[in-house]
Number of protein chains: 2
Amino acid sequence: MSFDSSQLLKELRDRLPADTLLTDPEALAAHARDAAPFSTPGVPAAVALPRTAAQVEEVMRTAYTYGIPVVPQGARTGLAGAANAVDGCVVLSTIRMDQIGTVDPVNRLVRCEPGVITKRLNDAAAEHGLAYPPDPASWETCTIGGNIATGAGGICCVKYGVTADYVLGLDVVLPDGRRMRTGRDTAKGVAGYDLTRLFVGSEGTLGVIVGATLALRPARPTPLALLAQFPSLAAAGHAVAAITASGHLPSAVELLDRATSQAVAEYGHALLRPDSAATLIVESDAPDPAPDLAAMKALCEGAGADQVVAASTAEESQKIIEARRMVSPALGAFAAALSGQPTAFIEDVAVPPSELPKFVGTIEDIARCHRLRIFTLGHAGDGNLHPTVLFDESDPDEVHRARTAYDDIMAAGLALGGTTTGEHGIGTLKREWLGRELDPVSLEVHRGIKRLFDPRQLLNPGKVVEA
Amino acid sequence: MSFDSSQLLKELRDRLPADTLLTDPEALAAHARDAAPFSTPGVPAAVALPRTAAQVEEVMRTAYTYGIPVVPQGARTGLAGAANAVDGCVVLSTIRMDQIGTVDPVNRLVRCEPGVITKRLNDAAAEHGLAYPPDPASWETCTIGGNIATGAGGICCVKYGVTADYVLGLDVVLPDGRRMRTGRDTAKGVAGYDLTRLFVGSEGTLGVIVGATLALRPARPTPLALLAQFPSLAAAGHAVAAITASGHLPSAVELLDRATSQAVAEYGHALLRPDSAATLIVESDAPDPAPDLAAMKALCEGAGADQVVAASTAEESQKIIEARRMVSPALGAFAAALSGQPTAFIEDVAVPPSELPKFVGTIEDIARCHRLRIFTLGHAGDGNLHPTVLFDESDPDEVHRARTAYDDIMAAGLALGGTTTGEHGIGTLKREWLGRELDPVSLEVHRGIKRLFDPRQLLNPGKVVEA
């Protein structure tokens, strides 16, 4: 598909401040894609960087008039290709719309623009003794708009819920440039259909988020963490099940499989043994975390952990949490030592937590079968795992095996009653899988909703679902 | 509008078990309406009481073929008219679909059918040390299907969230009889659009819920309550604001205005003084509730409460909570002593909690201005109030004044940044108000969604929005 955008660009130049529209090749290249693997983005015709909702309306209305596709972008940290450009499109980045309204501690909410960095929002809330809990891995660089568009998750979601749970209302610009408001500024409200949640996680395919009202919570108490190492995956799974079934509400339950435990141990974390079949990092931020942690330590030991270290100070906790943070650099170091062009992609399947041991075991089988290195870590408490597949991009056979393993992992997740994406989204990467996860009627309804909001298929075409 | 349903009924009799289709006048009358005031239901042609999802499909498919409207019903405890029959319709009650699946403590979820009574579900969860928190006033008689369809709230929502927050997935039969599944059995999941939440609170206008996967939580610790009486509304408002802003998470924050406090005092509650301007009942179910309650007691006193009683035992708590439970019988006794045909309707406006004192004051002004008795109570912690207007149905002028007051209350709620319905829904009662609450673009999108799911306008016509 190709579009003649010259007339559009002329009009947008007339209507927008000069620095709002970029067409130089560097800018186009810089805004071509997000962080998804296995995807070939298109070349945009222009990058629009509006500062106001009115400017977003202008871009949308004008692009609609000329039939030019628009691809919304935040910080491009997404892992599913939802922010990838299509050829000839206008990339609409909301990164400059970064105002935070007054934090309201009585109503526990804040309004903000989509380009606000998640960490900045949390810092603003913290000044009032409040927190915005969702903590995706990229929280220091990703934007609230992107978090909302992808329905981002994170580590503490096991206790505090995901981005969707904090969005009370949205200002949205529709594909034809009309602006609408969804939701409300009140904690409760059931007037009409829940359009707020329809936009959350719709990956920029139904409208462009230009403002949000977000719920806040009281600041979290300082947590304490434990690190438990297990002789088998099954034992680690039993520990997670025992913690959940006995009514604990830990603020993190992170699992590192054998390969990941080994990589982090070899990277130099003093507490990790390289021969662990599985490692759990469990955190409690209960008002009095020590007894809560002690009880969970006992449950880990009862499930067969052969070593459990429970922190009694914030410093000891930091040391334990560092094992989780070390995963990314440890895998980076591991990859750097390999030959060829080592590349990683991160999977995002969620299964019912009871199926975790079986699922991790299946992933280990898949790795063996396809002669690949797969490092599985993830949010065990809510069954959301991120198997990371390392492969050599210069080796076509290994690339093929990696893609096959990626498919096998999703098929295994679905077979265990899971979903192909717990928190990263469908984007371009998993479109085919969406059709396998949803039943045919649901898929048809998805297409109908896309048609309803975007009848000309101009907003983020090719993502999630095609009408 | 009128429909010839004779052929439909003949077909349904052929296809459904004999006791599944009722057409006797008593059954039709008994299923004509829910508990909404100011509404004139139609006369149904038949009442279908299917036991299985397949029978629901059969009813929907056949009614669709003959162009006969279908009105879904649960326990008919709704307060907005969403379950009211329309002339010549088939009422489809899911009350007999009352199976509860296995409670799963590791994945903290349960599947159930729509006709399950909310209390029964909670009892089933309690056997496994779990709870299904949403507690609408009618929780001992209302159904899960109705709770989901209306997005029901309750008292403990201030801490634990509303029905919507517990619905992971749904089985839904669409107006044309096709069945689809939404959502998932996992805690997290972002595959596709959030159709689950689109059905939650859609009041039976988009599809008929035939099954649900619900999230459960650990059982709540035994709570302790306090009762605080204030010399002014403003003081009570300050107390609510102080409790919220200082980071407490009470499991109930209930407000009784002057008229309600007086009615409950006169009904015989020993703790309530008849001259209180406002009463707050605050409950903590923190693991160690006593210090939490003591801190909130101090905040009430600091805000100007002239009497605060804090329970130190479960029995004392019960006595305090009884004041809240006594509101309904107290108002009943009050009404019974009036002349004429005393009738009550319950409003359901939610405002930002910071606006509570102003809102309650405005309601008192409205009562004076229209010479009416209005008793305001409600969920102060999330700003959701239920002003109850008492009026004499045999007095046309008073009926007129009551309707005007009802409109004035909603206008006041909207003017304070609130919503016209916090938890009861739009139904037939507030359709006009939905158009005032939503912006024109949102209203047009609502119509589009209704058209998408129900192009022939056969499912629960005239409720929420018309396409």
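Here's a quick rundown of the structure. Small disclaimer: the values here were computed from a predicted structure and weren't measured.

1. Considerations on the pairing of strand β11 (residues 224–230) of chain B
Residues and elements named next belong to chain B.
Reasoning step 1: In terms of burial, β11 is a largely internal element, seven of the seven residues being buried.
Reasoning step 2: Of the two faces of β11, the one carrying L224, L226, A228 and F230 and the one carrying A225, L227 and Q229 are both buried.
Reasoning step 3: Looking at chain direction, β11 and strand β13 (residues 278–284) are connected through seven bridges and run antiparallel. If you follow A225 over to β13, its bridge partner there is E283.

2. What about the packing of aromatic side chains?
Two aromatic rings, taken as a pair, are described by how far apart their centres are and by the angle between their planes.
Reasoning step 1: Applying the stated criterion across every chain yields a total of 16 aromatic pairs over all chains.
Reasoning step 2: Their ring planes at 75° and their centres at 5.8 Å tell us that F38(A) and Y406(A) sit as a pair that is edge-to-face. Of this pair, F38(A) sits in the loop between α2 (25–30) and β2 (46–48) while Y406(A) sits in helix α14 (residues 396–415), placing them 368 residues apart in sequence.
Reasoning step 3: Take F38(A): its relative accessible area is 24%, and that puts it in the partly exposed class.
Reasoning step 4: Of the residues examined, Y406(A) reaches a relative accessible area of 1% and is grouped as buried.
Reasoning step 5: The ring of F38(A) carries R403(A) above its face, with NZ or CZ at 4.4 Å from the centroid.
Reasoning step 6: Here the guanidinium or amino end of R456(B) rests over the ring plane of Y64(B), the centre of that ring lying 4.9 Å away.

3. Comments concerning the pairing of strand β7 (residues 167–173) of chain A
Reasoning step 1: For β7(A), the buried fraction is high: six of the seven residues fall into the buried class.
Reasoning step 2: In sequence, β7(A) turns back onto strand β8 (residues 179–183) of chain A through a hairpin of five residues, with G177(A) there showing a positive phi of about 100°.

4. Considering the sheet that holds strand β2 (residues 46–48) of chain B
Residues and elements named next belong to chain B.
Reasoning step 1: Strand order across the open sheet formed by four strands is β1-β2-β4-β3, with mixed pairing between neighbours. Looking at the sheet topology across the chains shown, the edges are occupied by β1 (21–22) and β3 (70–73).
Reasoning step 2: Relative to β2, β1 runs antiparallel, the two sharing two bridges. Within β2, the position partnered with L22 by the bridge is V47.
Reasoning step 3: Helix α3 (residues 53–66) rests against β2, β3 and β4 (90–93) of the sheet, and its axis sits at about 160° to β4.

5. Quick notes on the side chain of K430(A)
All names here are of chain A.
Reasoning step 1: Along the chain, K430 falls in the loop between α14 and α15 (431–437).
Reasoning step 2: The class of K430 is buried, set by a relative accessible area of 3%.
Reasoning step 3: Of the polar contacts made by the side chain of K430, one reaches the side chain of E347; its length is 3.0 Å.
Reasoning step 4: If sequence neighbours within four positions are ignored, K430 has contacts with E347, D348, Y406, M410, T420, T421 and G425.

6. A short note on the interface of chain A and chain B
Reasoning step 1: Counting residues at the interface gives 76 residues for chain A and 76 residues for chain B.
Reasoning step 2: Overall, the association of chain A and chain B removes approximately 5600 Å² of surface from exposure, summing both partners, and the carbon and sulfur fraction of that is 65%.
Reasoning step 3: Contact with chain B buries surface across chain A, with K188(A), V190(A) and Y193(A) losing the most and accounting together for 17% of the total.
Reasoning step 4: Summed over the shared surface of chain A and chain B, the number is six salt bridges.
Reasoning step 5: Between D194(A) and R197(B) there is a salt bridge, and its shortest N-O distance comes to 3.2 Å.
Reasoning step 6: Where chain A packs against chain B, one counts 24 residue pairs in polar contact (both at pLDDT 80 or more).
Reasoning step 7: Among the elements of the structure, β8, α7 (195–199), β10 (217–218), α8 (233–245), α15 and α16 (440–453) of chain A are those that each provide at least two residues to the side of chain A that touches chain B.

7. So, the relation of the copies chain A and chain B
Reasoning step 1: You can overlay chain A on chain B at an RMSD of 0.0 Å; the transform is a turn of 180° with a shift of 0.0 Å along its axis. What the rotation and shift describe, once combined, is the action of a two-fold rotation axis.
Reasoning step 2: The fraction of interface residues of chain A whose copies in chain B are also interface residues reaches 100%, indicating that both copies meet through the same surface.

8. Here we look at the environment of G151(B)
Residue and element names in this part refer to chain B.
Reasoning step 1: Considering the arrangement of structural elements, one finds G151 in the loop between α5 (144–150) and α6 (157–160).
Reasoning step 2: A relative accessible area of 6% means that G151 is categorised as buried.
Reasoning step 3: The spacing of G151 and P133 is 18 residues in sequence and 13 Å in space, taken between C-alpha atoms.

9. Observations regarding the pattern of salt bridges
Residue and element names in this part refer to chain A.
Reasoning step 1: Counting across every chain of the model gives 63 salt bridges over all chains.
Reasoning step 2: The salt bridge partner of D176 is R178, with a shortest N-O separation of 3.0 Å.
Reasoning step 3: We classify D176 as partly exposed; its relative accessible area is 23%.
Reasoning step 4: Using a relative accessible area of 35% as the deciding quantity, one classes R178 as partly exposed.

10. Quick notes on the sheet that holds strand β5 (residues 109–112) of chain A
Within a sheet, adjacent strands bond to each other through the backbone by hydrogen bonds, running parallel or antiparallel.
All names here are of chain A.
Reasoning step 1: The strand order across the open sheet formed by four strands is β5-β9-β7-β8, and the pairing between neighbours is antiparallel. At either end of the open sheet lies a strand with only one pairing partner, and these are β5 and β8. Here the average twist between neighbouring strands, direction ignored, is 15°.
Reasoning step 2: Where β7 and β8 come together, five bridges link them in antiparallel fashion. Of the residues in β8, the one forming a bridge with G169 is G183.

Conventions used here
- Residues numbered from 1 in each chain as written.
- Chains lettered and ligands numbered in written order.
- Predicted model: local features only at pLDDT ≥ 70, side-chain atom pairs only at ≥ 80, totals over all residues.
- Heavy atoms only, no water.
- Buried < 20%, exposed > 50% of the residue type's maximum accessible area, 1.4 Å probe, protein only.
- Helix = DSSP H or I, 4+ residues; strand = E, 2+ residues; numbered from the N terminus.
- Pairing = 2+ DSSP bridges.
- Phe/Tyr/Trp six-rings, centres within 6.5 Å; stacked < 30°, edge-to-face > 60°.
- Lys NZ or Arg CZ within 6 Å of the ring centre and 35° of its normal.
- Contact = heavy atoms within 4.5 Å.
- Axes fitted to C-alpha atoms, helices over the stretch in contact; angles between N-to-C directions.
- Polar contact = N/O pair within 3.5 Å; in protein donor to acceptor, adjacent residues only side chain to side chain.
- Buried area = accessible area lost by both parts, 1.4 Å probe.
- Salt bridge = Lys/Arg side-chain N within 4 Å of Asp/Glu carboxyl O.
- Least-squares fit on C-alpha atoms with pLDDT ≥ 70 in both.

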